[in-house]
Amino acid sequence: MRVVVVGASGNVGTSVLTALESEPSVTSIVGVARRMPDWCPAKTEWRTADVFRDDLGPIMAGADAVVHLAWLFQPTHDPVTTWNANVIGSMRVFAAAARAGVSVLVHSSSVGAYSPGPKDPPVDESWPTHGWPNAAYAREKAYVERVLDVFERDHPDIRVVRMRPGFIFKEEAATEQRRLFAGPFLPQRLVRPGTIPFVPDMPRLRFQALHSLDAGEAFRLALTRDVRGAFNLAADPVVDPAVLADLLGARRVPVPATLVRTAVAAGWHLRLIPASPGLVEMALQIPIMDITRAREELGWRPRHTAVDALRAVLEGMRRGAGMGTPPLAPDSGRERIKEVTTGVGIRP
């Protein structure tokens, strides 16, 4: 099987390539990225392409399967740019895959595609996927779900799988995630247990996470097993203020959600942090997912807990960790200065 992985140089993409390295049925991999990485795993050849602008036909030629992971979180101050890359880019990837005659398409959706829902009990894959309208990320993930509805109707011969993971972390992606969500003003020395004084205790601050390597394994299973449809992915435990307080060695302090949103909105409008207030709202609105289907039909068992994943990314932020791909490049003072001079939350 020849597999094209679009968006292969990021947090999940590097873990998917790692999982496919040891898969006997995968004989060759084409890793697609906007910028050429230094890192090159076994079986992989790199091709550079922008999914919104470039001709994807030659890249897809001869492929048996396509894994679509490419996604722009930034610039949050320019939703047209993220829409073009994420929605129009996804449509172009799907169309190119169909023209190439692939038999399998695996798309990375998200818990963010789900409509607001309960934190208890958990919801399965039948829960509506209309997103949270105030967050561009959720709107775009939800719209691509509708695109896939039409794609599946028009291409019944292609096995389509939609992965809906929770928040995905690993140590090597820490610098990327610090750039995308916290911004350049987060002091590394503060990212350790005992230095953060408190955790906001909000009733709906409950979310799910998993380690990137476990996500990569789930994508490998989706490629190699005869499954279709959506799969929720998350590890135990559900992360709530109590779990965060224990991890960070902090105390819980009741804080109104409106106060947190107002603080994030102020930082975002002042170009101090890249994360938009809509992402905070989304995190509070998304439901807790039931992962029974992934366990029973994929045979997926995460090797890391959600706390392991969070601990890994916190340690990575403290050390300025990364790896040899442009999105995951390690932290440096020069890069932080560049983030400020080019506009926090403005540069993709």
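Residues numbered from 1 in each chain as written. Predicted model: local features only at pLDDT ≥ 70, side-chain atom pairs only at ≥ 80, totals over all residues. Heavy atoms only, no water.

Participant: Would you mind showing me how to read the sheet that holds strand 1 (residues 2–6) here?
Facilitator: Paired through backbone hydrogen bonds, the strands of a sheet run either parallel or antiparallel to each other. Reading across from one edge, 3-2-1-4-5-6-10 is the order of the seven strands in this open sheet, with parallel pairing throughout. The two strands at the open ends of the sheet, each matched to only one other strand, are strand 3 (44–48) and strand 10 (229–233). Strand after strand, the sheet turns through a mean of 20° between neighbouring axes, direction not considered. Note: strand 5 (residues 104–108) against strand 6 (residues 159–165), five bridges, orientation parallel. Bridging from a neighbouring strand, His 107 pairs with Arg 162 of strand 6. In the packing of helix 1 (residues 11–21) onto the sheet, contacts are made with strand 1, strand 2 (28–33) and strand 3, and the angle to strand 1 comes to roughly 165°. (Pairing = 2+ DSSP bridges. Helix = DSSP H or I, 4+ residues; strand = E, 2+ residues; numbered from the N terminus. Axes fitted to C-alpha atoms, helices over the stretch in contact; angles between N-to-C directions. Contact = heavy atoms within 4.5 Å.)

Participant: What exactly am I supposed to notice about the side chain of Glu 176 here?
Facilitator: Within the secondary structure, Glu 176 is located in helix 5 (residues 174–182). With residues up to four places along the chain from it excluded, the contact list for Glu 176 reads Asn 11, Pro 327 and Leu 328.

Participant: Would you mind showing me how to read the packing of helix 3 (residues 79–100) against helix 4 (residues 136–154) here?
Facilitator: A pair of packed helices is characterised by two quantities: the angle between their axes and the separation of those axes. Packing of helix 3 against helix 4 leaves a shortest axis separation of 10 Å and a crossing angle of 20°. Of the possible angle classes, the one that applies to helix 3 and helix 4 is roughly parallel. Seen from above, helix 3 lies across helix 4 with right-handed handedness. Two secondary-structure elements touch here, helix 3 through Pro 79, Thr 82, Trp 83, Asn 86, Val 87, Ser 90, Met 91, Phe 94 and Ala 98 and helix 4 through Glu 140, Tyr 143, Val 144, Val 147, Leu 148 and Phe 151. (Parallel < 35°, antiparallel > 145°, perpendicular 65-115°, else oblique. Left-handed = near helix turned anticlockwise from the far one by under 90°.)

By themselves, these observations are geometric and do not establish any function.
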